[in-house]
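# Reading the structure
Here are the chains, one letter per residue:
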Amino acid sequence: ILEPWVCPGKDFQWICDSVLSALCMHMRVKAHEAFVRMPLCLVEPMFLSELRQGAAIRSLHRLSFLSRLNSVVEVAVDRIIGDLGPEELGRRGCLTRDVSALDLDLKARHVTTEELLHALGTRLYSSISESTVSCAPWWDWSCDIGLVVGTFIHGLGNYDGMRKDEELPFLNRMNAYVQYNKVESESYRRFDHAADAAKRVFDKALETMKIKFQQQTTAAVAAVIAANKNSGDSVAKEAYQLETQKMDDDDVISLPRLKDATLESYRKSLDVSSKARKKGTVICSLPLPDATYLDRLLVRIVEKLETCEELNPMLVDSSTEEIPKEGKKGTGNESVISRNRLVMRQLESPICSTSDKSNQVLFAGGLSGSDKRPQDHSSDYFLGAASSDLASISVGADSSRYQRGPNVPLLVTRFALGGILQAEDSVIDILARSEKLDRGRAGSDIKEVQQQKLTTIGNSTNTNSEAADVVESKPSGSADSREATASIKKKPDLNYIKANTDLRASICVTLLQRGFPASGLSDKFSSVDIDLWKECVSNPSLSFLATSAPDHFFSMKDAFGSVYQKAEVDWPEKVEPLEDYLRSVLLPHCLGLCLKLAGEQTKLAADQGKSDVYVARPAVEDLCPLPDPFVRLSDHSEQAVSNAYTILRRVRLMKSIRFIVGGGIPLNDLTEFLRGPTMRKHTMGVPVWWCPWIHDLVILIHAAVHGLQSVTSELPRLQQLSVENHVRETFVKGTNGKSPALPDSFLRRASEDELDAWVQMQAQEFPTPTVIENRLALMCSQLTMNTSERYDHIPMFDEAMS
């Protein structure tokens, strides 16, 4: 019962001991050895039903963890009080000499938040921050301690209260980040405007529906009156029929309508006047990371404060499980989910969070009672509405009266609205056309779903389709199976991709890691612009690019060639089947996940009479962490939604990068922008030697030629010598008539060996994947603003769940 929701450890043991103690007390009461007086409110049937639906386990887990956190805080408070002494405590209003007799809450009243932050910080000072790979660029070591103190002051899961507390470090860190990254802060404000535009679409449709209903009612009454008078009834009936047939998109919320309204609002210029700044600062637009991420981070910090040692190995995914061959273990949906999870583990990369441990639910953020509604989930990115106004369309008085078109979400979350903004029009059109199929496959098993997809999407030959069915029907390892498989591997078509679970999962993870490759069907450019390539050849700081890489862009074969080879499949002469699968099946499925999964799982929980979605749905290990078109929608996890959102974003990002590097932006304009104030001001997270018109240009070209993952895995090694020369010339020798950046006193005292060691140490520093992708997104959003390949810098909510 406990294992799906509570990890083995101290909390697990505490809950087991509590249950055992309660059972012992129950046996004593039955034996008339003890008597317990229970308040009536605790034995109400509704309350007991709520407890049995998962609230009991959740509450025990919270109580266990809070007792541990209070113990850690009490040690720090006692140390502070001991250092203050009786005299200072008296000045602060403490009326007793025996402070140890007071409980923790009373003792904490005589200690300031700053003192508590300092006392807890000294215990972690010698250790590495838990958030070294952070989901928020502004998050640092002080925020780790602020999370512990904020939980003690505001309560477990009350992340909105912590964010607004000026005595905690969050607002200061946000403010410092905004000073250097105004564009990213503006993206959150624009997103809020898009959420307001979405709400206006819903309201306008509802208002139009009410007007039409009134008009139809009036026409119907007129028809009845005319019929009773036996005069002019034909005219009245025609008027009534005319009114009832007036069903256009004005009273129906359609996905294209939402897309147009929200994108137009997102792209509008922001009001930066002093009057607008008084109404609300830009700081308020920056949110805290996702509640589930903060829950996990809080647990790790408290464990380290308890032990002052390394992380508990229970929380570290050390699985080395190999991926079994196709068809060896499990059947149906469960087999597909397990294989997706195993492929994801094997191909894990720092450019994207693919560890399935990130999907472990702890305290469910702010979810602490049965009366919680979507507007209360503002810190939960998966279940929380994108705004409080959008939450009302799901739970308000008029929530059931909205006429939603196909694929319009019941609950407009951050991922739903962001997916609408990011998705291309072609993806939305394909999703709309496949709506009937999606409705029909809800109760189908995996085999039926595959067969439906095979017969409705794609233009592949029937021969390979039949061969794929033969492979699945034959026993694994049989002679007939090997013969059928061999015939497919010669020409793997769209049907074979759909029938091979491992291949689908590997393709999905590759898209997550490396981004969407160049396509001969939709991309205008296939190689680096000739003028830019000449600049790479002639510029010493960029010359390593010309010697270590071709000038053609990251292609389908570059991205998926190794995936096909690992699957023992020959690379096809034509890539149309693969691209057809990506654009016609996978990308629409990613958008569908962002739009509908939260609403689907909320509805399933309501059908079971449960308010806690995380308890009502299957356990974490039974949910698919990757967006797989052949897994039922409701059997995906919130990590699958995050990965789907990442794929949709990186499709647009890579397309814009290729547009810029391929010549869509003239070299002079590109250089002028990189030398301008925008990139110079955005310096948080980059090394001291970072030069925008050199190194930002390098990551643009390298991402276009090798993919996103290569920027953090291969580029640091390739440019090591170039960066060392750049650091030496800039900081030690001086360049272009400028004196060295290092102080003369340091240069005079340091030996050659010390200077060499310092240069090598600096050259080894490199931005994190989060910083790299944010800089790429910033450049693309600014450079493509008035072009056909415009990239909108939508907030990266998926990073806040990594």
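Quick note: structure is the one above.
Scope of this entry: the structure provided in the associated data block. (Residues numbered from 1 in each chain as written. Predicted model: local features only at pLDDT ≥ 70, side-chain atom pairs only at ≥ 80, totals over all residues. Heavy atoms only, no water.)

With that out of the way, let us pick up the overall build of the protein chain. Per the secondary structure count, the protein chain includes 37 helices and zero strands. Buried positions account for 51% of the 802 residues belonging to the protein chain. Relative to all contacts within the protein chain whose residues are 6 or more apart in sequence, the contacts with residues 24 or more apart total 77%. (Helix = DSSP H or I, 4+ residues; strand = E, 2+ residues; numbered from the N terminus. Buried < 20%, exposed > 50% of the residue type's maximum accessible area, 1.4 Å probe, protein only. Contact = heavy atoms within 4.5 Å.)

Moving on to the pattern of salt bridges. The tally for this structure, following the rule as stated, stands at 26 salt bridges. The closest approach of N and O atoms between Glu74 and Lys107, which form a salt bridge, is 3.1 Å. With a gap of 33 residues between them, Glu74 in helix α2 (residues 45-91) and Lys107 in helix α3 (residues 104-108) connect regions that are remote in the sequence. According to the relative accessible area criterion, Lys107 is buried, its value standing at 3%. (Salt bridge = Lys/Arg side-chain N within 4 Å of Asp/Glu carboxyl O.)

What follows is about the packing of helix α22 (residues 501-514) against helix α28 (residues 638-664). For the pair α22 and α28, interaxial distance at closest approach is 9 Å and the crossing angle is 55 degrees. Considered as vectors, α22 and α28 are oriented oblique to each other. Of the two elements, α22 crosses α28, and the hand of that crossing is left-handed. Contacts from Cys508, Leu511, Leu512, Gln513 and Arg514 of α22 reach α28 at Asn643, Thr646, Ile647, Arg650 and Met654. (Axes fitted to C-alpha atoms, helices over the stretch in contact; angles between N-to-C directions. Parallel < 35°, antiparallel > 145°, perpendicular 65-115°, else oblique. Left-handed = near helix turned anticlockwise from the far one by under 90°.)

With 12 residues, helix α36 (residues 752-763) extends 16 Å from end C-alpha to end C-alpha; this agrees with the ideal 16 Å at 1.5 Å per step. Taken residue by residue, α36 has Leu755, Trp758, Val759, Gln762 and Ala763 as its buried positions. Burial along α36 is one-sided: seen end-on, the buried residues are contained in an arc of 130 degrees. The inward-facing, buried residues of α36 abut α34 (720-733) and α35 (744-749). (Expected span 1.5 Å × (residues − 1). Arc of directions from axis to C-beta.)

Not every positive phi belongs to a glycine, and His32 is a case in point at roughly 60 degrees. Looking at the secondary structure, you find His32 in the loop between α1 (10-30) and α2. A positive phi angle, near 70 degrees, is found at Asn407, a position not held by glycine. Checked against the element boundaries, Asn407 lands in the loop between α14 (388-395) and α15 (414-422).

Turning to a negative patch on the surface, a few remarks are in order. On the surface, Asp260, Glu264, Asp425 and Asp429 cluster together into a patch of negative charge. For the negative patch, the secondary structure elements donating two or more residues are α10 (255-267) and α16 (425-433). Locating Asp260 in the fold gives a position in helix α10. (Patch = residues over 30% accessible without salt bridge, like charges linked within 9 Å, V, L, I, M, F, W, Y side chains within 5 Å. Areas by Shrake-Rupley, 256 points an atom, 1.4 Å probe, with all protein chains shown as cover. Lys, Arg positive; Asp, Glu negative; His and termini not counted. Charge placed at Lys NZ, Arg CZ, Asp CG, Glu CD.)

Turning our attention to the nonpolar core. Grouped together as the largest cluster of nonpolar side chains are 197 residues, with contacts concentrated most on Leu116, Trp139, Leu582, Ile657 and Leu776. Among the elements that make up this core, the one with the highest residue count is helix α26 (residues 576-607) (14 residues). Among all residues touching Leu116, those that are not within four sequence positions of it are Val73, Ala76, Val77, Ile80, Val111, Val149 and Phe152. (Core = buried A, V, L, I, M, F, W, Y, C linked by side-chain atoms within 4.5 Å.)

Let's shift gears to the packing of aromatic side chains. Scanning all chains against the criterion turns up 13 aromatic pairs. A ring pair is formed by Trp139 and Phe170, whose centres lie 5.5 Å apart and whose planes are at 35 degrees; its orientation type is tilted. On the criterion of sequence distance, the pair formed by Trp139 in the loop between α4 (113-124) and α5 (141-154) and Phe170 in helix α7 (residues 170-180) is long-range, its members being 31 residues apart. Of the two residues, Trp139 and Phe170, both sit in the buried class. Measuring from ring centre to ring centre gives 5.0 Å for Tyr564 and Trp571, while their planes differ by 70 degrees; the resulting arrangement is edge-to-face. The exposure class of Trp571 is partly exposed, given its relative accessible area of 24%. Following the ring pairs from residue to residue traces out a cluster consisting of Tyr188, Phe191, Tyr381, Phe415, Tyr645 and Phe797. (Phe/Tyr/Trp six-rings, centres within 6.5 Å; stacked < 30°, edge-to-face > 60°.)

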